[in-house]
Amino acid sequence: MRKSYAIILLFCCLSAASQNKQLLYNFTAIPQSAMVNPGVDLKHNSYVGIPLLSGVSANFGSTAFSAYDLFANDGTSFNDKLRNTLDRVSSNDRVLINEQVEILSAAFKIGRWDQKNYLSFGVYQEFDFVSFVPKDPAILALYGNSNYIGKRFDLSHLNAQAELLTVFHLGFRKEVSDKLTLGARGKIYSSIAHARTTRNSGYILTEEGTGPNVYDQTIASNVTLNTSAAAKYFEDDYDGNTTNDIIKKALFGGNLGLGLDLGATYYPKKNIQVTASLLDIGFINHSKEVKNYTYKGFYQYNGINPNFTGPSTSGSTYDEFKRAVVYDSTTTKYNTLRPIKFNASYQYSYHGKNDESCNCSPDSDNYRNAIGAQLFFQTLPKSPTAALTGFYQHTVSSGFQYKATYTIDAYSYTNLGLGIAGNVGKVHAYLLADNLLELRDIAKANAFSLQFGFNILLKERTTFY
């Protein structure tokens, strides 16, 4: 049973990646790059995304371990692999997962023909998961406390959050001048289901007592699990229609919140570009179907090592423990902040100007090549994550471009990525993937991301008639 608890604690951390979309960011041949910078200087400003296919992305990553660490066929027993993994990781190791699917997406030019003002709108579904490795609880669940006399098992290692939601957005982008483009996007979040356990505290401590087989036990617990619209699906007496529930909550029937994205692009010179964006400055108010679980209290015991998990414990120890460390549930509403993302980039375009008829890259004065760097930050429940990317972009023709990246982050120092984008007539498509070196053996990968999409490009009115 102990092994089962430990495996569950570790596997809740196995799925993971940050929301850094370094290949998509400022890849101006892709309309969806406006989703990571509302102020991007796009090549294709007016488009309609193909429903459910215009933007699909999945990201995972782990600073802690990979599937290979636990399941490699190398002659080492699973117990030893599990023990080695627990010995190696720390409570600061983190794992994340993010998935997005654009349901609807479009952008149009508005205002006079000679103005460059654009309105965008859309709906996308998103799933976020983040967990720091619960090292001490996993060790306690796997091995018990007999070999850890005097060790404090830290309950603050329990730190995780997950949410499934739908996002409705409306954005506006304006080319203020030849040098500056600004953009903003408002968001309405409709949370379908949410769970978090953060800001926990407490410890479990066993010390030797005054006689043989006598121990001093101390349990101090301040642990909370907040859930909204999630707990009922795990109840034995739930007889509702899960699919209908999810659809209803996705269409403004869930717990609602508001958010804001901001972005800008600036050209100090024609071939030098600076960009920045701040995404998901927002919150969600969880007031519907809220169920909070708490495990709080302080208990000390001196005597033969008891079992606090069942009434089989001799005497009144179990009842005393239940009265001292109380398990309770409430329906108190709570608020959550969205994970804020910050991006910034510097790009230098050079060489090989295209023929004027090509119109290959208007954002860089028709230069074919560009190199630069991008910085990324994201807030997490315990501590932020960051990444630094170097990139090279090349315009092969007006209908085909590619971007190559090298990224350093908490998950890998060998993250090479490649993205391609092109169009045939009005049909536009793109494919982006990173950590390509890990594809040789995906089981050993600590991180991987894949994005693709299809759009229909629209002709803009650029002359008076």
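Residues numbered from 1 in each chain as written. Predicted model: local features only at pLDDT ≥ 70, side-chain atom pairs only at ≥ 80, totals over all residues. Heavy atoms only, no water.

Undergrad: Explain a negative patch on the surface to me, please; I cannot follow it from the model alone.
TA: A cluster of acidic residues, Glu235, Asp236, Asp237 and Asp239, forms a negative patch on the protein surface. Looking at the secondary structure, you find Glu235 in the loop between strand S9 (214-228) and helix H5 (242-253). The partly exposed category is assigned to Glu235, whose relative accessible area is 35%. (Patch = residues over 30% accessible without salt bridge, like charges linked within 9 Å, V, L, I, M, F, W, Y side chains within 5 Å. Areas by Shrake-Rupley, 256 points an atom, 1.4 Å probe, with all protein chains shown as cover. Salt bridge = Lys/Arg side-chain N within 4 Å of Asp/Glu carboxyl O. Lys, Arg positive; Asp, Glu negative; His and termini not counted. Charge placed at Lys NZ, Arg CZ, Asp CG, Glu CD. Helix = DSSP H or I, 4+ residues; strand = E, 2+ residues; numbered from the N terminus. Buried < 20%, exposed > 50% of the residue type's maximum accessible area, 1.4 Å probe, protein only.)

Undergrad: Whenever I open this one, the pairing of strand S7 (residues 180-197) confuses me. Can you help?
TA: Taken residue by residue, a regular strand's side chains alternate between the two faces of the sheet. Summarising the sheet, strand S6 (residues 159-175) and S7 pair through 16 bridges and their orientation is antiparallel. Along S7, the bridge assignment pairs Leu170 with Gly186. Taking the residues between adjacent antiparallel strands as the criterion, S6 and S7 are bridged by four residues. Bridging between S7 and strand S10 (residues 255-269) involves 12 bridges; their strand directions are antiparallel. (Pairing = 2+ DSSP bridges.)

Undergrad: Where do I start with H5 in this structure?
TA: Two residues of an α-helix separated by three or four positions point the same way, owing to the 3.6 residues in each turn. Relative to the 16 Å expected for 12 residues at 1.5 Å per residue, H5 spans just 14 Å between its end C-alpha atoms, considerably shorter than the ideal helical length. Where H5 is concerned, the buried positions are Asp245, Lys249 and Ala250. Viewed end-on, H5 has its buried residues packed into an arc of 130 degrees, placing them on one side of the element. Among the exposed residues of H5, those pointing more than 90 degrees away from its buried face are Thr243, Lys248 and Leu251. In the core, the buried residues of H5 are packed alongside S6 and S7. (Expected span 1.5 Å × (residues − 1). Arc of directions from axis to C-beta. Contact = heavy atoms within 4.5 Å.)

Undergrad: Could you clarify how one ought to interpret the nonpolar core in this entry?
TA: One recurring pattern in soluble globular proteins: nonpolar side chains tend to sit buried together. Core analysis: the largest hydrophobic core is formed by 12 residues, namely Ala64, Phe65, Leu70, Leu82, Leu86, Val89, Val133, Ala138, Ile139, Leu142, Tyr143 and Phe153. Looking at this core, the elements that each hand over two or more residues are helix H3 (78-88) and helix H4 (135-143). The biggest single contributor to this core is H4, with four residues. Core analysis: the next-biggest nonpolar cluster, separate from the first, contains 11 residues, Leu23, Tyr25, Phe27 and Ile30 among them. (Core = buried A, V, L, I, M, F, W, Y, C linked by side-chain atoms within 4.5 Å.)

It is worth stressing that arrangement in space is one thing and function is another; only the former is reported here.
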